[in-house]
Amino acid sequence: MVNSENTASTQGGFEKAGAQAQMRKGVLELCILSILSQGDAYPTEIIEKLRDTKLVVVEGTLYPLLTRLKNTGLLGYRWEESTSGPPRKYYKLTEIGEQYLKELQLSWTELVEAVNKTIELGKKI
């Protein structure tokens, strides 16, 4: 007997939730780097800019991603005093981060074009 719950969420060992999480992580990385290419920002500003574009991200998702990007040398940061609370950590792109962003943008454009072509082929069937 086949477990329908199991086959609904997996296909040949492929987990839909895991794939979606990986895709979202890659897209968020591109979006965060794109936001920081416009200038330094602290996490609350990044979350607000993402929210403005209808990408809802919580701090629990953003902070580990910022830390990973910093640890890989794509981001740097500086502390700045705040008049309304504790000092704020402003993130910025490094030179390596700027180059990586250009590569991601090119990859994204190529991927979107390929996916759109594939979808169009599917519509002709």
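A.B. asks: Just to check I follow, could you spell out the overall build of the chain for this structure?
C.D. replies: Within the chain one finds 5 helices and 4 strands. Helices and strands in the chain line up, N terminus first, as α-β-β-α-α-α-β-β-α. Counting only residues that meet the buried cut, the chain has 24% of its 125 residues in that class. In the chain, the proportion of contacts linking residues at least 24 apart, taken out of those at least 6 apart, comes to 48%. Accessible surface computed for the chain: about 9,000 Å², of which carbon and sulfur atoms make up 55%.

A.B. asks: Can you walk me through the packing of helix α2 (residues 16-36) against helix α3 (residues 43-52) in this structure?
C.D. replies: Relative orientation and spacing of two packed helices are given, respectively, by the angle between their axes and the distance between those axes. Contact geometry of α2 with α3 gives a least axis separation of 10 Å together with a crossing angle of 115°. The pairing of α2 with α3 is recorded here as roughly perpendicular in orientation. The interaxial crossing formed by α2 with α3 has right-handed handedness. Between α2 and α3, the residues in contact are Leu28, Cys31, Ile32, Ile35 and Leu36 and Ile46, Lys49 and Leu50, respectively.

A.B. asks: Help me out: how do you make sense of the confidence of the model for the chain in this one?
C.D. replies: As a note on interpretation, predicted positions should not be read in detail where pLDDT is low. Taken over all residues, the pLDDT of the chain has a mean of 88, while the share at 70 or more is 88%. In this model residues 1-9 is a low-confidence stretch, pLDDT under 50, and it forms 4 contacts with partners more than four residues away in sequence or in other chains.

A.B. asks: Help me understand the packing of aromatic side chains, please; the structure alone is not making it clear to me.
C.D. replies: In this description, a pair of aromatic rings is defined by centroid distance and the angle of the planes. Overall, the coordinates contain 3 aromatic pairs when judged by the stated rule. Pairing Tyr77 with Trp79 gives two aromatic rings, centres 6.4 Å apart and planes at 85°, and the pair type is edge-to-face. Residue classification places Tyr77 among the partly exposed residues on the basis of a relative accessible area of 37%. Taking the relative accessible area as the measure of exposure, Trp79 reaches 56% and is therefore exposed. Ring geometry for Tyr77 and Tyr91: centres 6.2 Å apart, planes at 55°, overall tilted. Of this pair, Tyr77 sits in strand β3 (residues 75-82) while Tyr91 sits in strand β4 (residues 85-93); the two residues are 14 residues apart in sequence, bridging distant segments of the chain. Judged by relative accessible area, Tyr91 falls into the buried class, the value being 3%. Through pairs of rings, three or more aromatic residues link up here, namely Tyr77, Trp79 and Tyr91.

What counts, and at which threshold
Note on numbering: residues in each chain are counted from 1, in written sequence order. For this predicted model, a pLDDT threshold of at least 70 governs which residues receive local features, and a threshold of 80 or more governs which side-chain atom pairs are given and counted, while totals over whole chains, interfaces and linings are taken from all residues. Excluded from the side-chain calculation are hydrogens and water; included are all heavy atoms of the structure. By definition, any uninterrupted DSSP run of H or I lasting at least four residues is a helix, any uninterrupted run of E lasting at least two residues is a strand, and each is numbered from the N terminus. Remark: exposure states derive from per-residue accessible area (1.4 Å probe, protein chains only) relative to the maximum for the residue type, with buried under 20%, exposed over 50%, and partly exposed in between. Should any heavy atoms of two residues lie within 4.5 Å, those residues are considered in contact. To be clear on the numbers: accessible area is Shrake-Rupley with a 1.4 Å probe, and residue cover counts the displayed protein chains and nothing else. Every axis in this analysis is a line fitted to C-alpha atoms, fitted for helices over the stretch in contact. Angles between the N-to-C directions lie between 0 and 180 degrees. Under this scheme an angle from 65 to 115 degrees is roughly perpendicular, one under 35 degrees roughly parallel, and one over 145 degrees roughly antiparallel; angles in between are oblique. Two helices that cross are described as forming a left-handed crossing if the nearer one is turned anticlockwise from the farther one by less than a right angle, and a right-handed crossing if clockwise. Confidence of the prediction at every residue is given by pLDDT, a number between 0 and 100. Two aromatic rings from Phe, Tyr or Trp, using only the six-membered ring of Trp, form a pair when their centres are within 6.5 Å; if the ring planes differ by under 30 degrees the pair is stacked, by over 60 it is edge-to-face, and anything between is tilted.

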